[in-house]
Amino acid sequence: MVKAPDNIVFFGPPGVGKGVQASGLSARRGLVHFSMGDALRGEIAEGTELGSQIEEALARGEFASDEAVLAVLEKHLDRHGPVTGLVLDGFPRTLVQADKLEQLLRERGGEISRVLLLDAESEVLLERLTGRLLCVECTRTFHKVFRPPERSGVCDECGGELSRRKDDSEEIQLERLDTYRHLTKPLEGFYRDRGVLEIIDGSGSIEDVAGLIDRSLGGN
Ligand SMILES: [Zn+2]
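Residues numbered from 1 in each chain as written. Predicted model: local features only at pLDDT ≥ 70, side-chain atom pairs only at ≥ 80, totals over all residues. Heavy atoms only, no water.

1. Brief notes about the pattern of salt bridges
Here is step 1: For the coordinates displayed, the defined rule picks out twelve salt bridges.
Here is step 2: Glu102 serves as the salt-bridge partner of Arg194, at 2.5 Å between the closest nitrogen and oxygen. Here the residue Arg194 occupies a position in the loop between α7 (170–193) and β8 (197–201), and Glu102 occupies one in helix α5 (residues 95–107), the gap between them amounting to 92 residues.
Here is step 3: Looking at Arg194, the relative accessible area reads 40%, which means it is partly exposed.
Here is step 4: We note a salt bridge from Arg140 to Glu157, for which the minimum N-O separation is 3.3 Å. With a gap of 17 residues between them, Arg140 in the loop between β5 (132–135) and β6 (141–143) and Glu157 in the loop between β6 and β7 (162–164) connect regions that are remote in the sequence.
Here is step 5: On the accessibility criterion, Glu157 (52% relative accessible area) is exposed.
Here is step 6: Salt bridges sharing partners connect three or more residues here, namely Arg28, Arg29 and Asp214. (Salt bridge = Lys/Arg side-chain N within 4 Å of Asp/Glu carboxyl O. Helix = DSSP H or I, 4+ residues; strand = E, 2+ residues; numbered from the N terminus. Buried < 20%, exposed > 50% of the residue type's maximum accessible area, 1.4 Å probe, protein only.)

Structure follows, in structure tokens:
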């Protein structure tokens, strides 16, 4: 019997490269990448009540509330049906979310098989966080150092103008790192108790970190 693809959770501080790694892993193994950040931005773009609550929280340098992100997650799970082969990134961030995620997956016949904690020093994270650029037209992201556009300030994809993400100032990022440590650290213990936690050094290049992830997951 073919084993159902695993559901994998990526977590770690902002700027550690969860998004890039989750998307790379999904592509390598034919899994479905679910980015909570993208889902939240999508909700904001749709202009829903939920979206405006989320937008206000992010503008204050906070994370979206448990209720808000869980509502967004449930929308997605219901829209996409099968809950195997998901790579979750940017979620869960709190114990409340982790508990609820377990429950939502169980109700749909799924479970979390592996949790990868990507970690790096604060200085590394700040350098990465403050260099992100966002296309105002198509929302594609670039990075001054790690993924520069071909022409400075112009989106490779659509020619749109690139701007620094609204929430990327250093002060706001420091606050987000503090909030992350405060809220997310307990998740480490939660998943370690379940025997699914792996800690990955996220400070190397994208390729190096991808190699560490593949080695940790084993198989294909
Ligand atoms: Zn663009």
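2. Here's the deal with the coordination of the zinc ion
Here is step 1: Around the zinc ion, the donor atoms from the protein are Cys135 (SG), Cys138 (SG), Cys155 (SG) and Cys158 (SG), and they sit 2.3 to 2.4 Å away.
Here is step 2: In this structure, the zinc ion is surrounded by four donor atoms whose angles at the metal cover 103 to 116 degrees, and the resulting shape is tetrahedral.
Here is step 3: For the zinc ion, the donor residues sit on a single chain with the sequence spacing C-x2-C-x16-C-x2-C. Placement of the pair is Cys135 in strand β5 and Cys155 in the loop between β6 and β7, with a sequence separation of 20 residues. Here Cys135 and Cys155 have matching classes, each one buried. (Donors = N, O, S within 2.8 Å, 3.2 Å for Na, K, Ca; no water. Tetrahedral: all angles 85-135°; square planar, octahedral: opposite > 155°, others 65-115°.)

3. A look at the domain arrangement of the protein chain
Here is step 1: The domain boundaries assigned to the protein chain delineate domain 1 (7–121 + 171–217) and domain 2 (131–168).
Here is step 2: Measuring from the centre of the C-alpha atoms in domain 1 to the corresponding centre in domain 2 gives 23 Å. (Domains from an automatic or database assignment.)

4. Digging into the nonpolar core
Here is step 1: Met36, Leu73, Leu101, Val115 and Tyr191 are the most contacted members of the largest nonpolar core, which totals 32 residues.
Here is step 2: Those elements giving two or more residues to this core turn out to be β1 (7–11), α2 (36–46), α3 (49–59), α4 (66–80), β3 (86–89), α5, β4 (112–119) and α7.
Here is step 3: Looking at this core, the element that brings in the most residues is α4, giving six residues.
Here is step 4: Those residues within four positions of Leu101 in sequence are excluded, and the remaining contacts are Val9, Leu73, Leu88, Phe91, Pro92, Ile112 and Tyr191.
Here is step 5: The next biggest cluster of nonpolar side chains, apart from the first, holds 18 residues, and it includes Val87, Leu118, Val209 and Ile213. (Core = buried A, V, L, I, M, F, W, Y, C linked by side-chain atoms within 4.5 Å. Contact = heavy atoms within 4.5 Å.)

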